Amino acid sequence: EPEVTQTPSHQVTQMGQEVILRCVPISNHLYFYWYRQILGQKVEFLVSFYNNEISEKSEIFDDQFSVERPDGSNFTLKIRSTKLEDSAMYFCASSPRGSGELFFGEGSRLTVL
Amino acid sequence: QKEVEQNSGPLSVPEGAIASLNCTYSDRGSQSFFWYRQYSGKSPELIMFIYSNGDKEDGRFTAQLNKASQYVSLLIRDSQPSDSATYLCAVPRDAGNMLTFGGGTRLMVKP
């Protein structure tokens, strides 16, 4: 069964460092997303991506964040200068139709020290 | 701020019983509603979605939508210990595809 894959599964970084989280969405899906979940809190939307551009972004997705689809398969989230409060599980998701039918990856846990 | 609210639980039911999970939402214009299951330490997994008022059944799961009262519920029949998880209600925001998630209800099914 096709699945969304994410790497790394866990990354520990120092405050101020740049981090890149990688995702391979399901191959025939057209809509890609990043969500995050701080431990014990709600799943929060960060950004959606369609047709090689950002279609929506939340208030969380400030200038420190960027997304890219560098080739036909990868979808990346970059955090330029990490802060302690960026520590969270980051989920990539893809959707065939751009509705709320999301297929999530297993997540990348980011710990900022 | 458009909200999606759920009782955090835990909701404890015996094996074989019906579990009833509820969700209220603030945006009266919302058109579609999604239920996700999240096992501890894992990612959310879509269970089902509903667009129209009334009931929608899928196996042991039934979603119920009442737009006038702005609530959506999920019933799980013949609950199994493997159903023990956190159930997340999610609603698209502003007719886009950005989902607003509720905080989830933790369900515990006791053998």
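Refer to the structure printed above.
Residues numbered from 1 in each chain as written. Chains lettered and ligands numbered in written order. Predicted model: local features only at pLDDT ≥ 70, side-chain atom pairs only at ≥ 80, totals over all residues. Heavy atoms only, no water.

A. Inspection of the packing of aromatic side chains at higher detail. All chains considered together, the criterion is met by 17 aromatic pairs over all chains. Taking the centre distance of 5.6 Å and the plane angle of 45° together, the rings of Phe32 of chain A and Phe75 of chain A count as tilted. Residue Phe32 of chain A is found in strand E4 (residues 31–37), and its partner Phe75 of chain A is found in strand E8 (residues 75–79); the two are separated by 43 residues along the sequence. Phe32 of chain A gets classed as buried once you look at its relative accessible area, which sits at 5%. According to the relative accessible area criterion, Phe75 of chain A is buried, its value standing at 0%. Seen from their ring centres, Tyr35 of chain A and Phe101 of chain B are 5.7 Å apart, and the 90° between their planes marks the pair as edge-to-face. With Tyr35 of chain A in strand E4 and Phe101 of chain B in strand E10 (residues 99–101), this residue pair bridges two chains. Note on accessibility: Tyr35 of chain A and Phe101 of chain B belong to one class, buried. Members of the aromatic cluster, connected to one another through ring pairs, are Tyr33, Tyr35, Phe45, Phe91 and Phe104 of chain A together with Tyr36 and Phe101 of chain B. A cation over an aromatic ring shows up here: Arg60 of chain B above the ring of Phe61 of chain B, its NZ or CZ 5.6 Å from the ring centre. (Phe/Tyr/Trp six-rings, centres within 6.5 Å; stacked < 30°, edge-to-face > 60°. Helix = DSSP H or I, 4+ residues; strand = E, 2+ residues; numbered from the N terminus. Buried < 20%, exposed > 50% of the residue type's maximum accessible area, 1.4 Å probe, protein only. Lys NZ or Arg CZ within 6 Å of the ring centre and 35° of its normal.)

B. The state of the cysteines, seen in detail. Summed over the entire model, instances satisfying the criterion amount to 2 disulfides over all chains. Each sulfur of the disulfide joining Cys23 of chain A and Cys92 of chain A lies 1.9 Å from the other. Because the torsion about its S-S bond is -65°, the bridge between Cys23 of chain A and Cys92 of chain A counts as left-handed. One end of the pair, Cys23 of chain A, is in strand E3 (residues 19–24); the other, Cys92 of chain A, is in strand E9 (residues 88–95), with 69 residues separating them in the sequence. Take Cys23 of chain A and Cys92 of chain A: they sit in the same class, and that class is buried. Paired through a disulfide, Cys23 of chain B and Cys89 of chain B show a sulfur-sulfur distance of 2.1 Å. Taking the sign of the S-S torsion, about -70° here, the bridge from Cys23 of chain B to Cys89 of chain B comes out left-handed. With Cys23 of chain B in strand E3 (residues 19–25) and Cys89 of chain B in strand E9 (residues 85–92), this pair connects stretches of sequence that are 66 residues apart. Note on accessibility: Cys23 of chain B and Cys89 of chain B belong to one class, buried. (Disulfide = S-S within 2.5 Å.)

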